Amino acid sequence: MATINDSYLKLKAGYLFPEIARRVNAFAQANPDASIIKLGIGDVTEPLPEACRTAMIKAVEDMGDRSSFKGYGPEQGYSWLREKIATQDFQARGCEIEPGEIFISDGSKCDTGNILDIFGSNNTIAVTDPVYPVYVDTNVMAGNTGPVNDAGEFEGLVYLPISAANNFTAAIPSQKVDLIYLCFPNNPTGATASKDYLKTWVDYANSHGSIILFDAAYEAFITDPDLPHSIYEIEGAKNCAIEFRSFSKNAGFTGTRCALTVVPKTLTGKAADGSDVELWKLWNRRQSTKFNGVSYIVQRGAEAVYSEAGQAQVKALVSFYLENATIIREQLTKAGLTVYGGINAPYIWLKTPNELSSWDFFDKLLQTTNIVGTPGSGFGAAGEGYFRISAFNSRDNVNEAMKRILEKFKV
Ligand code: MLT
(Lines give C-alpha, C1' and ligand atoms only; values in the text may rest on other atoms or scores of the structure.)
Protein backbone atom coordinates (compact mmCIF):
# COMPACT_ATOMS: atom_id res chain seq x y z
CA MET A 1 0.00 0.00 0.00
CA ALA A 2 1.16 3.52 -0.69
CA THR A 3 2.60 5.24 2.36
CA ILE A 4 1.86 8.82 3.34
CA ASN A 5 3.85 11.83 4.43
CA ASP A 6 3.63 11.16 8.17
CA SER A 7 4.52 14.74 8.94
CA TYR A 8 0.92 15.69 8.14
CA LEU A 9 -0.16 13.64 11.14
CA LYS A 10 1.73 16.03 13.41
CA LEU A 11 -0.53 18.91 12.35
CA LYS A 12 -3.53 20.06 14.29
CA ALA A 13 -6.72 18.62 12.80
CA GLY A 14 -7.63 21.58 10.63
CA TYR A 15 -6.05 24.76 9.32
CA LEU A 16 -7.17 27.70 11.47
CA PHE A 17 -9.55 29.46 9.07
CA PRO A 18 -11.44 26.39 7.83
CA GLU A 19 -11.81 25.38 11.49
CA ILE A 20 -13.37 28.76 12.26
CA ALA A 21 -15.63 28.41 9.21
CA ARG A 22 -16.69 24.97 10.43
CA ARG A 23 -17.69 26.35 13.85
CA VAL A 24 -19.47 29.33 12.33
CA ASN A 25 -21.41 27.10 9.91
CA ALA A 26 -22.49 24.87 12.78
CA PHE A 27 -23.64 27.94 14.71
CA ALA A 28 -25.48 29.32 11.67
CA GLN A 29 -27.29 26.02 11.13
CA ALA A 30 -28.39 25.91 14.75
CA ASN A 31 -29.33 29.61 14.68
CA PRO A 32 -30.71 30.30 11.19
CA ASP A 33 -31.98 33.76 12.16
CA ALA A 34 -28.64 34.99 13.50
CA SER A 35 -27.18 37.87 11.51
CA ILE A 36 -23.53 36.87 11.54
CA ILE A 37 -20.81 39.43 10.84
CA LYS A 38 -17.46 37.95 9.86
CA LEU A 39 -14.40 39.83 11.06
CA GLY A 40 -12.32 36.66 11.23
CA ILE A 41 -10.31 35.76 8.14
CA GLY A 42 -8.72 38.76 6.48
CA ASP A 43 -10.75 38.47 3.32
CA VAL A 44 -11.62 41.63 1.43
CA THR A 45 -15.22 42.63 0.80
CA GLU A 46 -15.10 45.69 -1.46
CA PRO A 47 -15.27 45.46 -5.27
CA LEU A 48 -12.15 45.25 -7.43
CA PRO A 49 -10.85 48.67 -8.50
CA GLU A 50 -12.42 49.86 -11.74
CA ALA A 51 -9.02 50.18 -13.42
CA CYS A 52 -8.34 46.49 -12.74
CA ARG A 53 -11.75 45.38 -13.97
CA THR A 54 -11.45 47.41 -17.15
CA ALA A 55 -8.01 45.93 -17.84
CA MET A 56 -9.27 42.40 -17.20
CA ILE A 57 -12.27 42.88 -19.52
CA LYS A 58 -9.91 44.13 -22.23
CA ALA A 59 -7.67 41.10 -21.58
CA VAL A 60 -10.65 38.77 -22.02
CA GLU A 61 -11.25 40.43 -25.41
CA ASP A 62 -7.56 39.85 -26.27
CA MET A 63 -8.12 36.17 -25.62
CA GLY A 64 -10.97 36.19 -28.14
CA ASP A 65 -8.78 37.20 -31.05
CA ARG A 66 -6.14 34.91 -32.56
CA SER A 67 -3.71 37.82 -33.02
CA SER A 68 -3.71 38.73 -29.32
CA PHE A 69 -4.57 35.35 -27.82
CA LYS A 70 -2.17 34.07 -25.13
CA GLY A 71 -1.40 30.47 -24.29
CA TYR A 72 1.17 29.57 -21.66
CA GLY A 73 2.77 32.71 -20.27
CA PRO A 74 6.25 32.95 -18.78
CA GLU A 75 6.38 30.97 -15.52
CA GLN A 76 7.98 34.02 -13.89
CA GLY A 77 5.24 36.39 -15.02
CA TYR A 78 4.91 38.79 -17.95
CA SER A 79 7.73 41.30 -18.25
CA TRP A 80 5.34 44.26 -18.55
CA LEU A 81 4.04 43.53 -15.04
CA ARG A 82 7.44 42.74 -13.51
CA GLU A 83 8.87 45.97 -14.92
CA LYS A 84 6.13 48.11 -13.39
CA ILE A 85 6.54 46.40 -10.02
CA ALA A 86 10.31 46.88 -10.10
CA THR A 87 10.01 50.55 -10.98
CA GLN A 88 7.07 51.63 -8.87
CA ASP A 89 7.17 49.35 -5.83
CA PHE A 90 10.92 49.08 -5.40
CA GLN A 91 13.13 51.44 -7.41
CA ALA A 92 10.89 54.41 -6.50
CA ARG A 93 11.80 53.66 -2.86
CA GLY A 94 15.49 53.39 -3.58
CA CYS A 95 15.52 49.56 -3.66
CA GLU A 96 17.68 48.17 -6.45
CA ILE A 97 15.36 45.37 -7.48
CA GLU A 98 15.37 44.34 -11.14
CA PRO A 99 12.34 42.91 -13.00
CA GLY A 100 14.24 39.63 -13.40
CA GLU A 101 14.33 39.23 -9.62
CA ILE A 102 10.52 39.37 -9.38
CA PHE A 103 8.39 36.23 -9.75
CA ILE A 104 4.63 36.65 -10.24
CA SER A 105 2.57 34.01 -8.47
CA ASP A 106 -0.94 33.14 -7.36
CA GLY A 107 -0.46 34.09 -3.73
CA SER A 108 1.87 34.91 -0.87
CA LYS A 109 0.35 32.10 1.17
CA CYS A 110 1.40 29.67 -1.57
CA ASP A 111 4.85 31.19 -1.99
CA THR A 112 5.71 31.35 1.71
CA GLY A 113 4.95 27.65 1.81
CA ASN A 114 6.49 26.70 -1.55
CA ILE A 115 9.76 28.51 -0.84
CA LEU A 116 10.73 25.63 1.46
CA ASP A 117 11.26 23.52 -1.68
CA ILE A 118 14.60 25.26 -2.28
CA PHE A 119 15.94 24.98 1.27
CA GLY A 120 17.57 22.00 2.95
CA SER A 121 15.97 19.94 5.68
CA ASN A 122 18.63 20.70 8.29
CA ASN A 123 18.05 24.43 8.77
CA THR A 124 17.23 25.95 12.13
CA ILE A 125 14.00 27.88 11.57
CA ALA A 126 12.71 30.78 13.62
CA VAL A 127 9.15 32.06 13.76
CA THR A 128 7.53 34.62 15.99
CA ASP A 129 4.87 33.49 18.42
CA PRO A 130 2.08 34.38 17.61
CA VAL A 131 2.61 33.97 13.86
CA TYR A 132 0.74 33.51 10.55
CA PRO A 133 0.12 29.74 10.82
CA VAL A 134 1.16 28.96 7.24
CA TYR A 135 4.85 29.42 8.11
CA VAL A 136 4.64 26.79 10.84
CA ASP A 137 2.31 24.32 9.15
CA THR A 138 4.31 24.24 5.91
CA ASN A 139 7.49 23.49 7.86
CA VAL A 140 5.67 20.67 9.63
CA MET A 141 4.47 19.31 6.28
CA ALA A 142 8.01 19.52 4.89
CA GLY A 143 9.28 17.39 7.79
CA ASN A 144 11.31 20.24 9.27
CA THR A 145 9.91 19.79 12.79
CA GLY A 146 9.38 17.20 15.46
CA PRO A 147 6.05 16.57 17.17
CA VAL A 148 3.90 19.23 18.78
CA ASN A 149 3.89 19.67 22.58
CA ASP A 150 0.91 20.41 24.83
CA ALA A 151 1.43 24.14 24.42
CA GLY A 152 1.11 23.77 20.63
CA GLU A 153 4.82 24.31 19.90
CA PHE A 154 6.59 22.09 17.38
CA GLU A 155 9.87 20.57 18.41
CA GLY A 156 12.75 21.89 16.34
CA LEU A 157 11.35 25.35 15.62
CA VAL A 158 12.76 28.38 17.42
CA TYR A 159 9.85 30.44 18.72
CA LEU A 160 10.49 34.15 19.23
CA PRO A 161 7.82 35.49 21.58
CA ILE A 162 6.14 38.77 20.69
CA SER A 163 3.91 40.68 23.09
CA ALA A 164 3.04 44.17 24.18
CA ALA A 165 6.24 44.10 26.28
CA ASN A 166 8.41 44.12 23.13
CA ASN A 167 5.95 46.06 20.92
CA PHE A 168 5.24 42.77 19.15
CA THR A 169 8.72 42.86 17.61
CA ALA A 170 10.84 39.80 18.39
CA ALA A 171 14.24 40.12 20.00
CA ILE A 172 17.19 38.88 17.98
CA PRO A 173 17.76 35.23 19.03
CA SER A 174 20.74 34.38 21.14
CA GLN A 175 21.36 31.27 19.04
CA LYS A 176 22.12 30.97 15.32
CA VAL A 177 19.08 30.43 13.13
CA ASP A 178 19.20 29.83 9.36
CA LEU A 179 15.73 30.86 8.22
CA ILE A 180 13.70 33.61 9.88
CA TYR A 181 10.11 34.49 9.02
CA LEU A 182 9.24 38.15 9.58
CA CYS A 183 5.91 39.76 8.67
CA PHE A 184 5.37 43.53 8.73
CA PRO A 185 2.83 45.08 9.04
CA ASN A 186 2.24 42.04 11.15
CA ASN A 187 -0.38 39.40 10.80
CA PRO A 188 -1.89 38.80 13.38
CA THR A 189 -0.89 41.62 15.77
CA GLY A 190 -0.99 44.61 13.41
CA ALA A 191 2.46 45.70 14.66
CA THR A 192 4.87 47.56 12.40
CA ALA A 193 8.66 47.60 12.16
CA SER A 194 10.97 50.60 11.96
CA LYS A 195 13.99 50.73 9.67
CA ASP A 196 16.30 50.55 12.70
CA TYR A 197 14.58 47.41 13.92
CA LEU A 198 14.76 45.68 10.53
CA LYS A 199 18.41 46.70 10.27
CA THR A 200 19.18 44.64 13.38
CA TRP A 201 17.72 41.58 11.62
CA VAL A 202 19.52 42.26 8.35
CA ASP A 203 22.82 42.64 10.21
CA TYR A 204 22.13 39.47 12.18
CA ALA A 205 21.25 37.53 9.01
CA ASN A 206 24.28 38.77 7.10
CA SER A 207 26.64 37.93 9.93
CA HIS A 208 25.20 34.40 10.35
CA GLY A 209 24.53 33.52 6.71
CA SER A 210 20.79 33.38 7.48
CA ILE A 211 17.92 34.10 5.12
CA ILE A 212 15.01 36.34 6.15
CA LEU A 213 11.66 35.39 4.63
CA PHE A 214 9.97 38.78 4.72
CA ASP A 215 6.20 38.81 4.28
CA ALA A 216 5.13 42.30 3.19
CA ALA A 217 1.59 41.36 2.14
CA TYR A 218 0.20 44.30 4.13
CA GLU A 219 2.75 46.98 3.16
CA ALA A 220 0.09 49.08 1.37
CA PHE A 221 -1.49 49.82 4.76
CA ILE A 222 1.56 51.79 5.89
CA THR A 223 0.76 55.49 5.96
CA ASP A 224 3.55 56.58 8.30
CA PRO A 225 6.29 57.94 5.99
CA ASP A 226 9.03 56.81 8.36
CA LEU A 227 8.11 53.12 8.16
CA PRO A 228 9.75 50.93 5.50
CA HIS A 229 7.49 49.18 2.97
CA SER A 230 10.16 46.78 1.82
CA ILE A 231 13.01 44.97 3.55
CA TYR A 232 15.18 46.14 0.63
CA GLU A 233 14.97 49.67 2.00
CA ILE A 234 17.46 48.35 4.55
CA GLU A 235 21.08 48.31 3.52
CA GLY A 236 22.40 44.78 3.09
CA ALA A 237 18.97 43.15 2.70
CA LYS A 238 19.66 42.09 -0.89
CA ASN A 239 22.21 39.68 0.53
CA CYS A 240 19.91 38.03 3.04
CA ALA A 241 16.20 38.50 2.30
CA ILE A 242 13.41 37.14 0.12
CA GLU A 243 10.29 39.33 0.08
CA PHE A 244 6.69 38.26 -0.49
CA ARG A 245 4.03 40.71 -1.66
CA SER A 246 0.44 40.40 -2.73
CA PHE A 247 -2.32 42.13 -4.66
CA SER A 248 -4.87 40.47 -2.35
CA LYS A 249 -5.22 43.06 0.35
CA ASN A 250 -4.38 46.31 -1.46
CA ALA A 251 -6.32 45.70 -4.69
CA GLY A 252 -8.84 43.15 -3.44
CA PHE A 253 -7.40 40.14 -5.32
CA THR A 254 -8.07 37.48 -2.66
CA GLY A 255 -10.41 35.72 -5.07
CA THR A 256 -8.64 36.81 -8.25
CA ARG A 257 -5.18 35.62 -7.11
CA CYS A 258 -2.00 37.49 -7.88
CA ALA A 259 1.13 38.03 -5.82
CA LEU A 260 4.88 38.33 -6.23
CA THR A 261 8.05 37.10 -4.65
CA VAL A 262 11.39 38.85 -4.89
CA VAL A 263 14.47 36.66 -4.92
CA PRO A 264 17.53 38.89 -5.43
CA LYS A 265 20.25 37.38 -7.62
CA THR A 266 22.77 38.26 -4.90
CA LEU A 267 21.28 35.72 -2.46
CA THR A 268 23.06 32.44 -1.91
CA GLY A 269 22.72 29.31 0.21
CA LYS A 270 25.14 26.48 0.94
CA ALA A 271 25.10 23.21 -0.98
CA ALA A 272 26.04 19.94 0.73
CA ASP A 273 29.49 20.14 -0.86
CA GLY A 274 30.04 23.54 0.78
CA SER A 275 29.68 25.60 -2.39
CA ASP A 276 27.52 28.73 -2.56
CA VAL A 277 24.48 28.42 -4.82
CA GLU A 278 22.27 31.27 -6.07
CA LEU A 279 18.81 30.94 -4.55
CA TRP A 280 17.35 32.75 -7.58
CA LYS A 281 18.42 29.87 -9.84
CA LEU A 282 16.76 27.33 -7.58
CA TRP A 283 13.50 29.29 -7.29
CA ASN A 284 13.47 29.88 -11.04
CA ARG A 285 13.96 26.15 -11.58
CA ARG A 286 11.25 25.33 -9.07
CA GLN A 287 8.73 27.73 -10.59
CA SER A 288 9.51 26.61 -14.16
CA THR A 289 8.87 23.02 -13.16
CA LYS A 290 5.94 23.24 -10.77
CA PHE A 291 4.11 26.40 -11.87
CA ASN A 292 2.66 27.65 -15.15
CA GLY A 293 2.20 31.26 -14.21
CA VAL A 294 -0.77 33.42 -13.33
CA SER A 295 -3.37 33.90 -16.06
CA TYR A 296 -2.83 36.66 -18.61
CA ILE A 297 -6.18 38.21 -17.67
CA VAL A 298 -5.30 38.46 -13.99
CA GLN A 299 -1.81 39.82 -14.68
CA ARG A 300 -3.35 42.54 -16.87
CA GLY A 301 -5.63 43.37 -13.93
CA ALA A 302 -2.62 43.55 -11.62
CA GLU A 303 -0.75 45.74 -14.09
CA ALA A 304 -3.61 48.25 -13.95
CA VAL A 305 -2.84 48.81 -10.26
CA TYR A 306 0.19 50.77 -11.47
CA SER A 307 -1.77 53.12 -13.74
CA GLU A 308 -2.61 56.59 -12.42
CA ALA A 309 -6.27 55.65 -11.97
CA GLY A 310 -5.32 52.29 -10.43
CA GLN A 311 -3.02 53.92 -7.91
CA ALA A 312 -5.75 56.35 -6.83
CA GLN A 313 -8.36 53.58 -6.58
CA VAL A 314 -6.11 51.27 -4.58
CA LYS A 315 -5.22 54.12 -2.24
CA ALA A 316 -8.94 54.77 -1.68
CA LEU A 317 -9.58 51.08 -0.99
CA VAL A 318 -6.75 50.85 1.52
CA SER A 319 -7.90 54.08 3.21
CA PHE A 320 -11.39 52.65 3.49
CA TYR A 321 -10.15 49.56 5.36
CA LEU A 322 -7.84 51.68 7.50
CA GLU A 323 -10.82 53.85 8.50
CA ASN A 324 -12.59 50.62 9.49
CA ALA A 325 -9.55 49.76 11.60
CA THR A 326 -9.72 53.15 13.32
CA ILE A 327 -13.41 52.68 14.09
CA ILE A 328 -12.76 49.20 15.49
CA ARG A 329 -9.85 50.41 17.62
CA GLU A 330 -11.83 53.33 19.01
CA GLN A 331 -14.99 51.39 19.74
CA LEU A 332 -13.22 48.44 21.34
CA THR A 333 -11.26 50.85 23.51
CA LYS A 334 -14.55 52.51 24.44
CA ALA A 335 -15.86 49.07 25.41
CA GLY A 336 -13.00 48.87 27.90
CA LEU A 337 -10.91 46.37 25.93
CA THR A 338 -7.14 46.59 25.56
CA VAL A 339 -6.29 46.84 21.87
CA TYR A 340 -3.14 46.87 19.75
CA GLY A 341 -2.46 47.26 16.03
CA GLY A 342 -4.95 48.72 13.57
CA ILE A 343 -2.66 51.65 12.70
CA ASN A 344 -0.71 51.16 9.44
CA ALA A 345 -2.28 47.69 9.50
CA PRO A 346 -5.70 46.11 8.90
CA TYR A 347 -5.67 43.87 11.99
CA ILE A 348 -6.63 44.74 15.57
CA TRP A 349 -5.22 42.52 18.28
CA LEU A 350 -7.05 42.61 21.57
CA LYS A 351 -6.65 41.15 25.02
CA THR A 352 -9.64 38.95 25.83
CA PRO A 353 -11.72 40.32 28.74
CA ASN A 354 -11.84 38.60 32.12
CA GLU A 355 -8.91 36.30 31.30
CA LEU A 356 -11.08 34.29 28.91
CA SER A 357 -9.22 31.85 26.69
CA SER A 358 -9.12 32.84 23.02
CA TRP A 359 -11.56 30.12 21.95
CA ASP A 360 -13.90 30.83 24.89
CA PHE A 361 -14.02 34.47 23.82
CA PHE A 362 -14.61 33.35 20.22
CA ASP A 363 -17.63 31.30 21.35
CA LYS A 364 -18.94 34.03 23.65
CA LEU A 365 -18.65 36.70 20.96
CA LEU A 366 -20.33 34.48 18.39
CA GLN A 367 -23.15 33.46 20.70
CA THR A 368 -23.88 36.84 22.29
CA THR A 369 -23.21 39.21 19.36
CA ASN A 370 -23.05 36.90 16.30
CA ILE A 371 -19.64 38.35 15.46
CA VAL A 372 -16.79 36.20 14.21
CA GLY A 373 -13.17 36.99 15.00
CA THR A 374 -10.02 34.88 15.12
CA PRO A 375 -8.78 33.31 18.37
CA GLY A 376 -5.24 34.45 19.14
CA SER A 377 -4.24 30.95 20.21
CA GLY A 378 -4.77 29.86 16.60
CA PHE A 379 -1.65 31.85 15.77
CA GLY A 380 0.51 30.14 18.39
CA ALA A 381 0.81 29.40 22.09
CA ALA A 382 1.70 33.01 22.97
CA GLY A 383 -1.50 34.17 21.27
CA GLU A 384 -3.58 32.54 24.01
CA GLY A 385 -5.71 35.14 25.76
CA TYR A 386 -5.74 37.36 22.66
CA PHE A 387 -8.13 37.78 19.77
CA ARG A 388 -7.82 39.23 16.25
CA ILE A 389 -10.41 41.42 14.58
CA SER A 390 -10.06 42.09 10.86
CA ALA A 391 -10.89 45.48 9.37
CA PHE A 392 -11.84 43.92 6.02
CA ASN A 393 -15.58 44.42 5.81
CA SER A 394 -18.21 46.91 4.75
CA ARG A 395 -18.64 50.08 6.83
CA ASP A 396 -22.18 49.06 7.75
CA ASN A 397 -21.00 45.71 9.08
CA VAL A 398 -18.14 47.26 11.03
CA ASN A 399 -20.44 49.86 12.59
CA GLU A 400 -23.05 47.24 13.42
CA ALA A 401 -20.45 44.87 14.87
CA MET A 402 -19.00 47.58 17.09
CA LYS A 403 -22.49 48.63 18.26
CA ARG A 404 -23.20 45.04 19.30
CA ILE A 405 -19.87 44.69 21.10
CA LEU A 406 -20.38 47.98 22.96
CA GLU A 407 -23.82 46.83 24.09
CA LYS A 408 -22.54 43.51 25.42
CA PHE A 409 -19.07 44.28 26.68
CA LYS A 410 -18.92 47.92 27.78
CA VAL A 411 -17.69 47.94 31.38
C1 MLT B 1 -5.65 36.00 7.51
O2 MLT B 1 -6.81 36.17 7.86
O3 MLT B 1 -4.72 35.81 8.30
C4 MLT B 1 -5.38 36.04 6.05
O5 MLT B 1 -6.52 36.13 5.32
C6 MLT B 1 -4.64 34.89 5.67
C7 MLT B 1 -4.21 34.92 4.26
O8 MLT B 1 -4.14 35.98 3.64
O9 MLT B 1 -3.94 33.84 3.78
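A brief structural summary. None of these values were measured; they are calculated from a predicted model.

## A short note on the overall build of the chain
Scanning the chain from terminus to terminus reveals 11 helices and 15 strands. Against the 2.2 N^0.38 benchmark of 22 Å for 411 residues, the chain shows a C-alpha radius of gyration of 21 Å, consistent with a compact globule. Along the three orthogonal principal directions, the C-alpha set of the chain runs to about 60 × 55 × 55 Å. Burial status across the chain gives 54% buried among its 411 residues. A separation of at least 24 residues holds for 73% of the contacts in the chain among residues at least 6 apart in sequence. Here the chain displays about 17,900 Å² of accessible surface, and carbon together with sulfur accounts for 50% of that area.

## A short note on the sheet that holds strand β3 (residues 125-129)
Across the sheet, 7 strands lie side by side as β2-β8-β7-β6-β5-β3-β4; this open sheet has mixed pairing. Two strands in the sheet have a free side with no partner beyond their single neighbour: β2 (102-105) and β4 (157-161). Strand after strand, the sheet turns through a mean of 20° between neighbouring axes, direction not considered. Strand direction decides the pairing type here: β3 and β4, joined by 5 bridges, are parallel. Paired with Ile 125 across the bridge in β4 is Leu 157. The sheet strands contacting helix α3 (residues 79-90) are β2, β7 (241-246) and β8 (259-262), and the helix crosses β2 at an angle near 115°.

## Some details on the nonpolar core
Generally speaking, a soluble globular protein has its nonpolar side chains buried in company with each other. Counting residues in each nonpolar core, the largest one holds 130 residues, and the members touching the most others are Ile 212, Ile 242, Phe 247, Phe 253 and Leu 332. Counting residues per element, this core draws most heavily on helix α9 (residues 308-334), at 10 residues. Counting contributing residues, this core receives three or more from each of domain 1 (12-47 + 309-408) and domain 2 (52-307).

## A few points about the sheet that holds strand β14 (residues 374-375)
Within the open sheet, the 4 strands sit side by side as β11-β12-β15-β14. Their pairing is antiparallel. Edge strands, defined here as strands with exactly one partner in the open sheet, are β11 (339-341) and β14. Relative to strand β15 (residues 386-390), helix α10 (residues 358-369) is tilted by about 45°, and along the sheet it contacts β12 (347-351), β14 and β15.

## Let's talk about the packing of α10 against helix α11 (residues 395-409)
Here α10 crosses α11 at 105°, and the two axes come no closer than 10 Å. The pairing of α10 with α11 is recorded here as roughly perpendicular in orientation. Note on element contacts: α11 touches α10 through Arg 404, Ile 405, Lys 408 and Phe 409, opposite Phe 361, Lys 364, Leu 365, Thr 368 and Thr 369. Taken together, the residues that form the contact of α10 with α11 break down as 4 nonpolar, 2 polar and 3 charged.

Criteria and cut-off values
- Residues numbered from 1 in each chain as written.
- Predicted model: local features only at pLDDT ≥ 70, side-chain atom pairs only at ≥ 80, totals over all residues.
- Heavy atoms only, no water.
- Helix = DSSP H or I, 4+ residues; strand = E, 2+ residues; numbered from the N terminus.
- Rg over C-alpha atoms; globule rule 2.2 N^0.38 Å.
- Buried < 20%, exposed > 50% of the residue type's maximum accessible area, 1.4 Å probe, protein only.
- Contact = heavy atoms within 4.5 Å.
- Areas by Shrake-Rupley, 256 points an atom, 1.4 Å probe, with all protein chains shown as cover.
- Pairing = 2+ DSSP bridges.
- Axes fitted to C-alpha atoms, helices over the stretch in contact; angles between N-to-C directions.
- Core = buried A, V, L, I, M, F, W, Y, C linked by side-chain atoms within 4.5 Å.
- Domains from an automatic or database assignment.
- Parallel < 35°, antiparallel > 145°, perpendicular 65-115°, else oblique.
- Nonpolar A, V, L, I, M, F, W, Y, C, P; charged D, E, K, R; others polar.

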